[in-house]
Amino acid sequence: MPFDPIAPPLPRSSPAPADDQPGLLDPVFPGGTPILFETDDRSPFPDRYSIAREREKLADLIDADDPDPHDPRWARYELYLQRCDALKQMEAEYRVAAGADATVEPAVATQLRDLGSLVDEDADTMTLHTKEGFRMFMGRRRDPAGHYNAIPGGKRVASSLKALWALTRNNNPYADWALLRADHRIPELRRALDRQAQQFSAELKKRADKGLGFGILKSREPKVLELGFRSPYGYVIAELIVEFDYYVRVVKTLGRKALFSDKEAHDAIRQFTRPMRAAFEEFIRFETWLTKPDLLALSRADFLPGADANAQKRVAAVTGIFGAVPAGIYAGHPISRHSQRRIAISETEKALLERVAADIAAIDSERGAAGDEATDDGLVD
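Now for a description of the structure that goes with this document. These numbers come from a predicted model, not from an experiment. (Residues numbered from 1 in each chain as written. Predicted model: local features only at pLDDT ≥ 70, side-chain atom pairs only at ≥ 80, totals over all residues. Heavy atoms only, no water.)

## Concerning the overall build of the protein chain
Thought 1: When you go through the protein chain residue by residue, the secondary structure sums to 12 helices and 4 strands.
Thought 2: Within the protein chain, buried positions represent 36% of all 381 residues.
Thought 3: A sequence separation of at least 24 residues applies to 67% of the contacts in the protein chain between residues at least 6 apart.
Thought 4: Taken as a whole, the protein chain presents about 23700 Å² of accessible surface, with 52% of it coming from carbon and sulfur. (Helix = DSSP H or I, 4+ residues; strand = E, 2+ residues; numbered from the N terminus. Buried < 20%, exposed > 50% of the residue type's maximum accessible area, 1.4 Å probe, protein only. Contact = heavy atoms within 4.5 Å. Areas by Shrake-Rupley, 256 points an atom, 1.4 Å probe, with all protein chains shown as cover.)

Structure (structure tokens):
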């Protein structure tokens, strides 16, 4: 254990005490009185000396402007000051060494701070073969004449998910909710595309087994797009787009080889374009509202008792738009696969969140019951 070379050495201590037992330090001088002290398993000292617990025991001496040297605890007080100095030096050396093992030279350890961040060795790319896949990625704006409606694209929804991912840093429960929905819906769509593509490919394999080999169509000039997304969710969307592009290739192969009629091929593609665009629109809607200036500061703290007037306005607005956030998500139980939420809370704060979550669940239950009664009475279609 390193110490200040000009400070007196620490007195030799007795063997480490058992759990929850006070420690005993041998006297500095022969015949002196041993020094009793509090211990803690998390202590950085070999004898488990607890600075925090000793501070409580010696609070009056520590806080006094002129502590009394005749106090019977004076030796204990001096030991406390000595250990505080020792801890400061230990912490300083730990910082300088970047927490490296004691066997690592300081000159080596300090290089950790100069280590550059990770960068892509090569550009990330996505290769698309079909116009449907490219349009699904690119999207479409509403035309000036108003003949064509806007279509949400993968590029746009990747930007929306990136914004929602950033909002999780503010402890925003609705951003968490949106990302959890993305964690569920996007992989579900991807799995459905893969499953259906495999089933269709099996039809091609049947022909191959009988001697008729059909290859999957591909573009004569496929387009390779550089991605460069700044959030994990951009790559989640890219994987979905590629899965969709391959599915379209398989469907068009069946149509080209007369295994599907034109209508069957059209319907098979439309089977997925609609739910994919619906999912995109949902995430864009979350981002559009949650990034408005009036809602940008929304956080879980806004729902707590005693929140200020602006917080109450935000809560009223967001619940009016999206409804109540699910209680479990508010309490922070399910966490999205990718989140910037890094908030450590105390047990008291956790209990408060749980209580508010229970209140949200109770309100939701009451609304559900009221809706059921209205339906039974013929008030709701």
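## Examining the packing of helix α5 (residues 131–138) against helix α9 (residues 262–290)
Thought 1: The contact between α5 and α9 brings their axes to 11 Å, and the two run at 10 degrees. Compared by their axis directions, α5 and α9 come out roughly parallel. Contacts between α5 and α9 pair E132, R135 and M136 from the former with I269, T273, M276, R277 and F280 from the latter.
Thought 2: Its residues assigned to classes, the contact of α5 with α9 comprises 4 nonpolar, 1 polar and 3 charged. (Axes fitted to C-alpha atoms, helices over the stretch in contact; angles between N-to-C directions. Parallel < 35°, antiparallel > 145°, perpendicular 65-115°, else oblique. Nonpolar A, V, L, I, M, F, W, Y, C, P; charged D, E, K, R; others polar.)

## Some points on the environment of V251
Thought 1: Mapped onto the elements of the fold, V251 is located in helix α8 (residues 232–256).
Thought 2: Residue V251 is classed as buried on the basis of its relative accessible area, which comes to 0%.
Thought 3: Along the primary structure V251 and F200 are separated by 51 residues, whereas in three dimensions their C-alpha atoms are 7.3 Å apart.
Thought 4: Once residues lying within four places of it in the same chain are set aside, the contact partners of V251 are F200, F260, A265, A268 and I269.

## Considering the nonpolar core
Thought 1: Judged by nonpolar contacts, the single largest core of 64 residues is most densely connected at L161, Y174 and L290.
Thought 2: Discounting chain neighbours no more than four positions away, the residues touching Y174 are F286, L290, L298, F303, V318, T319, F322, G323, A324 and V325.
Thought 3: L58, L61, Y77 and L79 belong to the second-largest nonpolar core, a separate cluster that totals 13 residues. (Core = buried A, V, L, I, M, F, W, Y, C linked by side-chain atoms within 4.5 Å.)

## Describing the environment of G215
Thought 1: Mapped onto the elements, G215 comes out in the loop between α7 (173–209) and β4 (223–226).
Thought 2: Dropping the residues within four chain positions of it, G215 is found in contact with T253 and K257.

## Focus on the pairing of strand β3 (residues 125–128)
Thought 1: Side-chain alternation along β3 places M126 and L128 on a buried face and T125 and T127 on a face that remains uncovered.
Thought 2: Sheet analysis places β3 next to β4, joined by 4 bridges and oriented antiparallel. Bridging from a neighbouring strand, M126 pairs with L225 of β4. (Pairing = 2+ DSSP bridges.)

## Describing the packing of aromatic side chains
Thought 1: Applying the stated criterion across every chain, the model contains 13 aromatic pairs.
Thought 2: Ring plane angle 70 degrees and centroid distance 5.9 Å describe the contact between W177 and F286, whose orientation is recorded as edge-to-face. You can see W177 sitting in helix α7 and its partner F286 sitting in helix α9, a full 109 residues away along the chain. Judged on exposure class, the residue W177 and its partner F286 are both buried.
Thought 3: With 5.4 Å between their ring centres and 65 degrees between their planes, F303 and Y330 make a pair best called edge-to-face. Pair noted here: F303 is in the loop between α9 and α10 (309–322) and Y330 is in helix α11 (residues 327–331), with a separation of 27 residues, a long-range link. (Phe/Tyr/Trp six-rings, centres within 6.5 Å; stacked < 30°, edge-to-face > 60°.)

## Comments concerning the pattern of salt bridges
Thought 1: One pass over the structure, following the stated rule, counts 18 salt bridges.
Thought 2: Notably, a salt bridge pairs R76 with E38, separated by 4.0 Å at the nearest N-O pair. One end of the pair, R76, is in helix α3 (residues 74–96); the other, E38, is in the loop between β2 (35–37) and α1 (51–57), with 38 residues separating them in the sequence.
Thought 3: Residues E239 and R190 are paired through a salt bridge, measuring 3.7 Å at the closest nitrogen-oxygen approach. In this pair, E239 sits in helix α8 while R190 sits in helix α7, placing the two residues 49 residues apart along the sequence. (Salt bridge = Lys/Arg side-chain N within 4 Å of Asp/Glu carboxyl O.)

## Some points on helix α6 (residues 154–167)
Thought 1: For α6, with 14 residues, the first-to-last C-alpha span of 20 Å sits near the 20 Å given by 1.5 Å per residue.
Thought 2: Among all positions in α6, only G154, V157, A158, S160, L161, L164, W165 and L167 are buried.
Thought 3: Where the residues of α6 are buried, they touch α5, α7, α8 and α9. (Expected span 1.5 Å × (residues − 1).)

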